[in-house]
Amino acid sequence: MKSICLYILIVEWDIIIVKVLEVRLVPVTIDIDKCGKIDNCPGEGLCIKLCEQGALIEKDGDVVLISENCDDCDLCIQNCPNQAISKV
Amino acid sequence: MTSITREGEENRSLTHNNDKCVGCGICASICPTESIKNGPVLPIARGLVDMDYININKNSCCLCGLCASACPFDAIEFKINDKNIKEMEEYPKWNKDAEIDEDTCIYCKSCETACPQDAIKVARTLPKRENLVVGEIDVDQEKCINCKICEELCPGDAIKVKQTGRETFETVVDEDKCVYCLVCKRACPTDAIKAVCSSCAYQDYKLNPEDFKTHGNTVLNPDSCVNCGWCQEICPVEAATVTKPFEGEVSYEEDMVCKGDSCHACQDVCPCNAVSITEGHSSIDPRFCILCGACANVCPQKGIIINRTKMNLENIRSKSWQNRLSGLTAGK
């Protein structure tokens, strides 16, 4: 639970930066309520496997977004079995 | 492999063969009861998930057979009283085809290499080398000093200097491999090799042009062929003819931002090897595209437009089937 809270904080912190700098630093966002993480994902982390840019990586069973690697191709958005990924 | 069977006045069965399916979505788009849904086509094509390309709702499927008739890949088989509707005169027939003319084919294997579905197999017998060149060669073992210069030089690997005893050697020429190029004769320091090339000296005399021919047979497997046109385009002697299932054109949305190498979803699902990523943008070669629409379905940018003008499906007797199928050619 602690790690989830920390994650939310990071996401919010990113959004704050977005607002301050008016630069889109988060090309896609992962809705952590919908995301089943790797364990409960029907595609067993399908977004990570689909992303060839290394923008979505696995860390301790969770999906982590590396914004600077994202090329905005939307493959993860289109193919997420939980519809957990979207654009800001 | 999904199978739906229902028994009544007639026994009807519908079978989906996932090995032939490419996930183009044509069946899903024409199903009158919306019983067919595409699965995650790109992850399946990339081998990331093990699922069928389509899901058929067994409860709502009305077993009409429209999907089986419209599938350009013959991935859905529909039978009435154990008889395939493709063999029944009341049902539509595809006019798509691919053929390789045996009489014209020169067995070069270009089509076998190019076929994206490995549907073509070429078996060939090459002419015998001895029928292509005539000559004589002999090694004077008395003069031969076993220096092996001939063995090292021979481009056909036809000469071997064999040790037959502690100090005895024999230089042996394999006449099946020798083409009488005379390199050994010229290089021999002791003039031990006598050789003559008759076909060089007297042109083609003694040779029969019939013996020069490569024989074989080229088999095109209609079960795996997708009528993409690769064989027709690549054949140097125009032995292959292909009739595609649809006519029309494929294009891109003007404002489409293609992500090229980052995405290449279109390339991965194309059954025809018609898509390449050129200068960071998807590029579809119309010569090989069959307008199935698989690429358009998986493109996350929704940037590919399939515009079919004609469907080469004939004998559509039912008015309602005509209406339903006309949706495929009305642009997409």
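None of the values given here were measured: they were computed from a predicted structure. All chains use their own residue numbering, which begins from 1 and follows the written sequence. In the order they appear in the text, chains get letters beginning with A and ligands get numbers beginning with 1. For this predicted model, a pLDDT threshold of at least 70 governs which residues receive local features, and a threshold of 80 or more governs which side-chain atom pairs are given and counted, while totals over whole chains, interfaces and linings are taken from all residues.

S.K.: Mind showing me how you'd approach the overall build of chain A here?
M.R.: Looking only at helices and strands, chain A has three helices and four strands in total. When the helices and strands of chain A are listed from N to C terminus, the series reads α-β-α-β-β-α-β. Counting other C-beta atoms within 10 Å of a residue's C-beta gives its exposure: the residue is buried at 20 or more, exposed at 12 or fewer, and partly exposed in between, where C-beta atoms are placed from the backbone. Burial statistics for chain A: of 88 residues in total, 24% are counted as buried. C-beta atoms are placed from the backbone for every residue, and two residues are taken to be in contact when these atoms lie within 7 Å. Residue pairs in contact within chain A that sit at least 24 positions apart in sequence constitute 57% of those at least 6 positions apart. Under the scheme used here, helices are H or I runs from DSSP no shorter than 4 residues and strands are E runs no shorter than 2 residues, and both carry numbers assigned from the N terminus.

S.K.: Looking at this structure, I do not really get the overall build of chain B. What am I missing?
M.R.: Check the secondary structure of chain B and you find 11 helices and 20 strands. In terms of its C-alpha atoms, chain B occupies a principal-axis envelope of roughly 90 × 50 × 40 Å. In chain B, buried positions account for 34% of the 332 residues. A sequence separation of at least 24 residues applies to 68% of the contacts in chain B between residues at least 6 apart.

S.K.: Would you mind going over the interface of chain B and chain A with me for this structure?
M.R.: It is common to give the size of an interface as the accessible area lost on bringing the parts into contact. Facing 11 residues of chain B, the contacting portion of chain A comprises 14 residues. Its residues assigned to classes, the side of chain B that touches chain A shows eight nonpolar, two polar and one charged. Three classes are used: nonpolar for Ala, Val, Leu, Ile, Met, Phe, Trp, Tyr, Cys and Pro, charged for Asp, Glu, Lys and Arg, and polar for all others, with Gly counted as polar.

S.K.: What's the story with the sheet that holds strand S2 (residues 11–16) of chain B in this structure? I'm lost.
M.R.: The strands making up a sheet associate through backbone hydrogen bonding, with each pair oriented either parallel or antiparallel. Residues and elements named next belong to chain B. Across the sheet, which stays open at both edges, the four strands sit in the order S1-S2-S5-S6 with antiparallel pairing between neighbours. The open sheet has two edge strands, strand S1 (2–7) and strand S6 (83–84), and neither has a second partner. The sheet contact formed by S1 and S2 spans six bridges and is antiparallel. Bridging from a neighbouring strand, Ile4 pairs with Leu14 of S2. Strands pair, by our definition, only if DSSP identifies at least two bridges between them.

S.K.: What should I look at first to understand the nonpolar core in this one?
M.R.: Proteins that are soluble and globular tend to have nonpolar side chains buried together. Residues and elements named next belong to chain B. In terms of nonpolar packing, the biggest core is built from 87 residues, with Cys27, Cys231, Val269 and Cys295 touching the most fellow members. Just so you know, the domain bounds were taken from an automatic or database domain assignment. For this core, the two domains that each supply at least three residues are domain 1 (2–92) and domain 2 (97–125 + 215–316). Once you skip the residues sitting within four places of it in the chain, Val269 turns out to touch Val22, Gly23, Val41, Leu42, Ala45, Ala294, Cys295 and Val298. In this usage, the nonpolar core is the set of buried Ala, Val, Leu, Ile, Met, Phe, Trp, Tyr and Cys residues whose C-beta atoms join them within 7 Å.

S.K.: So what exactly am I meant to see when it comes to the domain arrangement of chain B here?
M.R.: Here chain B is partitioned into domain 1 (2–92), domain 2 (97–125 + 215–316) and domain 3 (129–210). The straight-line distance from the C-alpha centre of domain 1 of chain B to that of domain 3 of chain B is 65 Å.

S.K.: So what exactly am I meant to see when it comes to the confidence of the model for chain B here?
M.R.: For every residue, the predictor reports its confidence as pLDDT, a number between 0 and 100. Put simply, chain B has an average pLDDT of 93, and 98% of its residues get 70 or more. Both confidence scores are given for the complex: pTM 0.81, ipTM 0.72.

S.K.: Where do I start with the environment of His264(B) in this structure?
M.R.: Residues and elements named next belong to chain B. With respect to the secondary-structure elements, His264 resides in the loop between strand S16 (246–252) and helix H9 (265–269). The exposure class assigned to His264 is buried, which follows from the 20 C-beta atoms found within 10 Å. The spatial distance from the C-alpha of His264 to the C-alpha of Val298 is 9.8 Å, given a sequence separation of 34 residues.

S.K.: So what exactly am I meant to see when it comes to the environment of Gly293(B) here?
M.R.: Checked against the element boundaries, Gly293(B) lands in the loop between strand S18 (281–284) and helix H10 (294–298). The class for Gly293(B) is buried, based on 25 C-beta atoms found within 10 Å.

S.K.: I tried to follow unusual backbone geometry on my own but got confused; where do I start?
M.R.: One can expect most non-glycine residues to show negative phi and most peptide bonds to be in trans. All names here are of chain B. Phi at Glu34 is positive, roughly 50°, even though this residue is not glycine. As for its position among the elements, Glu34 is in the loop between helix H1 (26–30) and strand S3 (36–38). Taking the number of C-beta atoms within 10 Å as the measure of exposure, Glu34 has 10 and is therefore exposed.

S.K.: What am I meant to see in the pairing of strand S3 (residues 62–65) of chain A here?
M.R.: The two faces of the sheet receive side chains in turn, since in a regular strand these alternate between them. All names here are of chain A. Of the two faces of S3, the one holding Val63 and Leu65 is buried and the one holding Asp62 and Val64 is not buried anywhere. Inspection of the sheet shows strand S2 (residues 56–59) paired to S3 by four bridges, in the antiparallel sense. When the bridges of S3 are listed, Leu56 appears paired with Leu65. Here S2 hands over to S3 after two residues, with Asp60 in that stretch at a positive phi of 50°.

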